[in-house]
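# Fold and contact review
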Amino acid sequence: MKTPVLAAVLIGLVVYSTPTLAQRKPPLHTDQVRVVYVPPKEPKHQPIHDALRERGILEVLRTLLSPFRLPRQLTLEVKGCDGKVDAYYEDDTATLCYEYVELIQQHAPKVGTPGGLMPADAMVGAIIDTFLHEVGHAVIDMLEIPVLGREEDAADFFSAYILVQFAPDDARRLIQGVGFMMASEAKEALAKPQTLKTFAGEHGLPAQRYYNLLCIAYGSNPKTFGNSVLHGRLPKERADGCAEEYKMLQRAFQKLILPYVDEALLSKARTQVRFNWGPLVPSTDDLDAPPLLRIEP
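Conventions we followed
Residues numbered from 1 in each chain as written. Predicted model: local features only at pLDDT ≥ 70, side-chain atom pairs only at ≥ 80, totals over all residues. Heavy atoms only, no water. Axes fitted to C-alpha atoms, helices over the stretch in contact; angles between N-to-C directions. Helix = DSSP H or I, 4+ residues; strand = E, 2+ residues; numbered from the N terminus. Parallel < 35°, antiparallel > 145°, perpendicular 65-115°, else oblique. Left-handed = near helix turned anticlockwise from the far one by under 90°. Contact = heavy atoms within 4.5 Å. Nonpolar A, V, L, I, M, F, W, Y, C, P; charged D, E, K, R; others polar. Pairing = 2+ DSSP bridges. Expected span 1.5 Å × (residues − 1). Buried < 20%, exposed > 50% of the residue type's maximum accessible area, 1.4 Å probe, protein only. Phe/Tyr/Trp six-rings, centres within 6.5 Å; stacked < 30°, edge-to-face > 60°.

## Some details on the packing of helix H5 (residues 119-142) against helix H6 (residues 151-163)
Their axes nearest at 8 Å, the elements H5 and H6 cross at an angle of 120 degrees. Comparing the axis directions of H5 and H6 gives the class oblique. You can see that H5 and H6 cross each other, and the crossing is right-handed. Where H5 approaches H6, its residues Ile128, Asp129, Leu132, His133, Val135, Gly136, His137, Val139 and Ile140 are matched on the opposing element by Glu151, Glu152, Ala154, Ala155, Asp156, Phe158, Ser159, Ile162 and Leu163. Split into classes, the residues belonging to the contact of H5 with H6 amount to ten nonpolar, four polar and four charged.

In structure tokens:
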């Protein structure tokens, strides 16, 4: 009697330990990114739609992200959101609202960044960073990447890490655009009354996100991004530890993300990306002042 019982137990263990079709993870493939420019509902958004298409912003992102091995298709779309200023990820889709691009326009430099970046070029960096932030959420979701801490912070660092991997001139311009917008948002936020609710959100405060971006950039390459310290925009006490902060982020990215990336395709993709930058504004022109005050030593 014991033998049939034992056999049944063993069979049960085998069945239990063998993954069912429902438990098996779907295969991963590159070239899983599609882009959609949804026609605007509001006539005022048509110029934004046309400018994004002319610049090929979504196509740049598709080229850059196609080497990622994903279990299903990821859609990048821009669309009108019925007046809601938002950018978000849900249902395998990263969405940037035309209304959010309007917000980016409001925070863009009127003449040029302190580094001489034209307003339109500064917006490119901010738009790409916003999309990469949402793609960070998508990668965490689709690949079930573990996150220790807030997912919003992880999405910020996902974007920052990718931005600084470009060729130095491209990376410098992208960080300038993102940094100017973040600093402008931080200045606006700091001018408002602070309540306890201000500190309860799932996102970091605008000023914190700004200094995190500068620290990762400076830590990745002090020569390329040294002006963030020389101009007093990053406190020396933080700057001294940024190389280690960047190395920690690099280790995490290499361990958690890169196994899902075809690195040969990624290297090729980086050579194909073109941002179509305009010339820098001459230093003799009256450039926009840094949105945040200089931090004295």
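## A closer look at the sheet that holds strand S2 (residues 74-79)
Two strands in a sheet stick together by hydrogen bonds in their backbones, pointing the same way (parallel) or opposite ways (antiparallel). Pairing is mixed in the open sheet, where four strands are placed in the order S1-S2-S4-S3. The open sheet has two edge strands, strand S1 (33-37) and strand S3 (87-90), and neither has a second partner. Between one strand axis and the next, the sheet turns by 15 degrees as a mean value, whatever way the strands run. Note that S3 and strand S4 (residues 93-97) share four bridges and pair antiparallel. If you follow Ala87 over to S4, its bridge partner there is Leu96. Against the sheet, helix H3 (residues 57-65) touches S1 and S2, its axis set at about 175 degrees to S1.

## Quick look at helix H8 (residues 206-220)
In a regular helix each residue adds 1.5 Å, so 15 residues correspond to 21 Å; H8 covers 21 Å between its end C-alpha atoms and thus fits that length. Along H8, the residues classified as buried are Ala207, Tyr210, Tyr211, Leu213, Leu214, Cys215, Ile216, Ala217, Tyr218 and Gly219.

## Some remarks on the environment of Val281
Secondary-structure assignment places Val281 in the segment after helix H13 (263-272). Discounting residues that sit within four places of it in the chain, Val281 has contacts with Val111, Gly112, Gly116, Leu117, Met118 and Leu287.

## Side note on the packing of aromatic side chains
Taken as a whole and assessed by the stated rule, the structure comprises seven aromatic pairs. Where Tyr161 meets Tyr246, the ring centres are 5.9 Å apart and the plane angle is 15 degrees; that geometry is what we call stacked. Placement of the pair is Tyr161 in helix H6 and Tyr246 in helix H12 (residues 242-256), with a sequence separation of 85 residues. Across the pair, Tyr246 and Tyr161 agree in class, each one buried.

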